Amino acid sequence: MAKNKKSLFGKFTETTIQGLFWLLPIVAITLLVLWLFNKIDLFVNWVFKIVGFTPISHEYIWFALVLFILVLFLYILGHFIQTRLATFLDNYLKKIPGYSTIKDIIGIFNSSKDGENKVLVVAIKGFASQGYNIGLMYSQDESIIKDHYTITLSQTPIPNGGYLFEVHKSNIFVITEASFDDNLQYLLSMGVKSMATILNIKPKPIEDLVCLEDWLKENK
C-alpha cells in the first residue's frame, strides 16, 4: 500500500511539474505580448490626440491599428535578428559580464529542441563500483584534461542545479535513442520511470551502447 501511495505521489508530482514547465513559456510570451500591446496602445492614443482623432468613436480602427503595429514591430525585430546589425549589437553586448554565458545557455536549450547541435544523453560510470549515472553532454569539445569530456548530472525532480564531471571518453556511453526531453522526463519522474520505459525499448547491456569514442568518429 505504501509503495502504491509513493508511486501515485511520484506520478502526481511528475505530472504537476510537467504542466508547470509546459505553462511557463506560454505565460511569459503572453505577458510580453500584452505588455507590448499596452505600450503600442498608449502610443496610438497619443498620435490620435495629436491629429484630433477620437479613438473612442473609432474603436475598431484603433484596435486594428494597434494590432498592425504590433505585428509589424515583431516582424522587424525578427528580421533584425537575422541581419548584420544584430551581429554588431551582439558583439557589443558581449562586453557585458555574463551576457555570453546567458546566451550560450539559451542556445543550448534551443538547440536541444531543434536538433541543430548534439545534446547527448549519456551513461557514465557512477559512484558505485558497478553502477552508472545518466546525464547530459551539452558539448563535444574536449576538456582541459586530455581525452576527457564534461558531463552534467542534473538534480531531480526539478533540474535547476547539478554537478559537472570530467569523464574519460572510454567511460562515456551514448544513449542514441534518448533526447533532451526524454532526459527531462526521466528526472521529473524521480525514478518512477526508468529510461527504458520512457524510450519504450528493452534494457540493454552496457556493451550494446555506443562508446563516445566511436560516436565521435562517426559524427565528426
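Refer to the structure presented above.
Residues numbered from 1 in each chain as written. Predicted model: local features only at pLDDT ≥ 70, side-chain atom pairs only at ≥ 80, totals over all residues. Heavy atoms only, no water.

## Digging into the overall build of the protein chain
Line of reasoning, step 1. Helix and strand content of the protein chain: 7 helices and 6 strands.
Line of reasoning, step 2. Reading the protein chain from its N end, one meets helices and strands in the order α-α-α-α-β-β-β-β-β-α-α-β-α.
Line of reasoning, step 3. Counting over 220 residues, the protein chain shows a buried share of 25%.
Line of reasoning, step 4. For the protein chain, contacts bridging at least 24 residues in sequence account for 50% of all contacts bridging at least 6.
Line of reasoning, step 5. With an accessible surface of roughly 15,800 Å², the protein chain has 65% of that area assigned to carbon and sulfur atoms. (Helix = DSSP H or I, 4+ residues; strand = E, 2+ residues; numbered from the N terminus. Buried < 20%, exposed > 50% of the residue type's maximum accessible area, 1.4 Å probe, protein only. Contact = heavy atoms within 4.5 Å. Areas by Shrake-Rupley, 256 points an atom, 1.4 Å probe, with all protein chains shown as cover.)

## Considerations on the nonpolar core
Line of reasoning, step 1. Within the largest apolar cluster, 13 residues are counted, with the highest numbers of intra-cluster contacts made by Leu120, Val122, Ile124, Met137, Ile151, Ile172 and Leu212.
Line of reasoning, step 2. Not counting residues within four places of it along the chain, the set of residues in contact with methionine 137 comprises Lys118, Val119, Leu120, Val122, Tyr149, Thr150, Ile151 and Leu212. (Core = buried A, V, L, I, M, F, W, Y, C linked by side-chain atoms within 4.5 Å.)

## Some thoughts on the packing of aromatic side chains
Line of reasoning, step 1. Here the structure, examined in full by the defined rule, presents 1 aromatic pair.
Line of reasoning, step 2. An angle of 75° between the planes, with centres 6.3 Å apart, marks the rings of tyrosine 132 and phenylalanine 173 as edge-to-face. On the criterion of sequence distance, the pair formed by tyrosine 132 in strand E2 (residues 132-137) and phenylalanine 173 in strand E5 (residues 172-174) is long-range, its members being 41 residues apart. (Phe/Tyr/Trp six-rings, centres within 6.5 Å; stacked < 30°, edge-to-face > 60°.)

## Things to note about the pairing of strand E3 (residues 148-154)
Line of reasoning, step 1. Within E3, 5 of the 7 residues are buried, which leaves it mostly tucked inside the rest of the structure.
Line of reasoning, step 2. Across 7 bridges, E3 lies against strand E4 (residues 162-168) in antiparallel orientation. Considered in E4, the bridge of isoleucine 151 is made with phenylalanine 165. (Pairing = 2+ DSSP bridges.)

## So, helix H5 (residues 180-188)
Line of reasoning, step 1. For H5, the complete set of buried residues consists of Phe180, Asp182, Asn183, Leu187 and Leu188.
Line of reasoning, step 2. A positive backbone phi angle near 55° is found at methionine 190, which sits one or two residues after H5.

## Here's the deal with the environment of isoleucine 145
Line of reasoning, step 1. If you trace the backbone, isoleucine 145 turns up in the loop between E2 and E3.
Line of reasoning, step 2. Taking the C-alpha atoms as reference points, isoleucine 145 and histidine 168, 23 residues apart in sequence, are found 8.8 Å from one another.

## A few points about unusual backbone geometry
Line of reasoning, step 1. For aspartate 147, which is not glycine, the phi torsion reads 65° and is therefore positive.
Line of reasoning, step 2. Turning to its location among the elements, aspartate 147 is positioned in the loop between E2 and E3.
Line of reasoning, step 3. We note that asparagine 200 has phi near 60°; this positive angle belongs to a residue other than glycine.

## Considering the pattern of salt bridges
Line of reasoning, step 1. Enumeration according to the criterion identifies 3 salt bridges in this entry.
Line of reasoning, step 2. A salt bridge links lysine 169 to aspartate 147; the nearest nitrogen and oxygen atoms lie 3.4 Å apart. Of this pair, lysine 169 sits in the loop between E4 and E5 while aspartate 147 sits in the loop between E2 and E3, and the two are 22 residues apart along the sequence.
Line of reasoning, step 3. Overall, the relative accessible area of 23% leaves aspartate 147 in the partly exposed class.
Line of reasoning, step 4. Linking lysine 204 and glutamate 177 is a salt bridge whose minimum nitrogen-to-oxygen distance equals 2.3 Å. Of this pair, lysine 204 sits in the loop between helix H6 (195-199) and strand E6 (210-211) while glutamate 177 sits in the loop between E5 and H5; the two residues are 27 residues apart in sequence, bridging distant segments of the chain. (Salt bridge = Lys/Arg side-chain N within 4 Å of Asp/Glu carboxyl O.)

## A closer look at the side chain of asparagine 183
Line of reasoning, step 1. Its place among the elements puts asparagine 183 in helix H5.
Line of reasoning, step 2. For asparagine 183, a relative accessible area of 3% corresponds to the buried category.
Line of reasoning, step 3. If sequence neighbours within four positions are ignored, asparagine 183 has contacts with Val121, Ile134, Gly135, Leu136 and Met195.

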